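The residues making up each chain are set out below.
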Amino acid sequence: MKIAFIILAHRHPAQLKRLLQRLSHPGIDCYVHVDAKCELSDWQDALSLPQVYTVQQRVKVTWAGWSILQATLNGMQAVVDSKEPYAYITLLSGQDYILKPAGFIYDYLIARQHSGAQFLNVISDAALAPMMSKMNNYHFVEYNFPGKYKFGNLLTALLPKRRPPLGFKLFCGSAWWTLTPDCVAYCLEFERTHPSLRRYFKFTWGSDEFLIQTILMNSDYREKVSLDNLHYIDWAAGLEHPKTFGVEDISALMNSGKLFARKFDMEKGAAVMDLVDESCSTVQL
């Protein structure tokens, strides 16, 4: 039995290679989506590693736009198309890193394969309320034309209130997750057979933090969602992006009890990644 990782990468090929090397394990396969804006030849050192597969359906990713979700869906489809009976599938970014040895992560997830647990972060209704303009307003994230923000505001003011498709309640959370293959296949099929979801989310802000949560929390999988996506992410600064970790964060990282963390920048702060590796070397498998 194996587990799989989908990794969305758009910068720092050497950092992706380091992450893939840390994930090297006989029971782990990695599927990498490289942003179509990147020259694939720059990534060959990483993509040529054993048990690493390149997602062939690449898209040009725009932050907070539908395209990052499309890249995720393409990675999910690549894993499903492999026909490999994975125990779990985890979505990471190329700026994530693992806080435990690959063998520990493998054993942890394999031990939970029969529980049906879905490791997906879902925030509370109270936390979601101030963010609803991301869904209620029209956003043209993927489009570049003068005055697009004013145009979006004008449409929001003039058109009837936007309502979620299918009568669904909207749910939101971190874009990074660990799900069972049947759950991943369910999300793919549901999105494919309900085009109203795509039509709605294409004009929202940050749909990658909404779609999977909304599909699963309006399904029978809801009872299996753990609300913990096994990631340590520091949003304490209240900014649009999480903190990029430095050496001052090593204690918080290693005491978090999480398997994964984001985000890291090897070009600016490789030292903290070295400290994580050093700490992992003492973990008992």
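Presented here is a report on the structure given in the accompanying data block. Please read all numbers here as calculations on a predicted model, not as lab measurements.

## Looking at a nonpolar patch on the surface
Part 1: On the surface, Tyr-143, Phe-145, Phe-151, Leu-154, Leu-158 and Leu-159 cluster together into a nonpolar patch covering about 560 Å² of accessible area.
Part 2: As for its position among the elements, Phe-145 is in the loop between helix H6 (133-136) and helix H7 (148-158).

## Describing the packing of aromatic side chains
Both the distance between ring centres and the angle between the ring planes are used here to describe each pair of aromatic rings.
Part 1: Counting across every chain of the model gives 18 aromatic pairs.
Part 2: Aromatic side chains Tyr-88 and Phe-119 sit 5.7 Å apart centroid to centroid with 50 degrees between the ring planes, which places their arrangement in the tilted category. With Tyr-88 in the loop between helix H3 (66-81) and strand E4 (89-93) and Phe-119 in the loop between helix H4 (102-110) and helix H5 (125-128), this pair connects stretches of sequence that are 31 residues apart.
Part 3: The class of Tyr-88 is buried, set by a relative accessible area of 0%.
Part 4: Assessed through its relative accessible area of 6%, Phe-119 is described here as buried.
Part 5: Taken together, a centroid distance of 6.2 Å and an interplanar angle of 0 degrees make the contact between Tyr-143 and Phe-203 stacked. Of this pair, Tyr-143 sits in the loop between H6 and H7 while Phe-203 sits in the loop between helix H9 (195-201) and helix H10 (211-217), placing them 60 residues apart in sequence.
Part 6: Cluster of aromatic residues (ring-pair linked, three or more members): Phe-140, Tyr-143, Phe-145, Phe-151 and Phe-203.
Part 7: One cation-aromatic arrangement involves Arg-22 over Tyr-97; the distance from NZ or CZ to the ring centre is 5.1 Å.

## Side note on helix H8 (residues 181-193)
Part 1: Along its 13 residues, H8 runs 18 Å from first to last C-alpha, staying within 8% of the 18 Å computed at 1.5 Å per residue.
Part 2: Within H8 the residues assigned to the buried category are Cys-183, Val-184, Cys-187, Leu-188, Phe-190 and Glu-191. Burial along H8 is one-sided: seen end-on, the buried residues are contained in an arc of 165 degrees.
Part 3: Structurally, H8 contributes buried residues whose contacts are with H3, E4, strand E6 (178-179), H9 and H10.

Conventions adopted
Residues numbered from 1 in each chain as written. Predicted model: local features only at pLDDT ≥ 70, side-chain atom pairs only at ≥ 80, totals over all residues. Heavy atoms only, no water. Patch = residues over 30% accessible without salt bridge, like charges linked within 9 Å, V, L, I, M, F, W, Y side chains within 5 Å. Areas by Shrake-Rupley, 256 points an atom, 1.4 Å probe, with all protein chains shown as cover. Salt bridge = Lys/Arg side-chain N within 4 Å of Asp/Glu carboxyl O. Helix = DSSP H or I, 4+ residues; strand = E, 2+ residues; numbered from the N terminus. Phe/Tyr/Trp six-rings, centres within 6.5 Å; stacked < 30°, edge-to-face > 60°. Buried < 20%, exposed > 50% of the residue type's maximum accessible area, 1.4 Å probe, protein only. Lys NZ or Arg CZ within 6 Å of the ring centre and 35° of its normal. Expected span 1.5 Å × (residues − 1). Arc of directions from axis to C-beta. Contact = heavy atoms within 4.5 Å.

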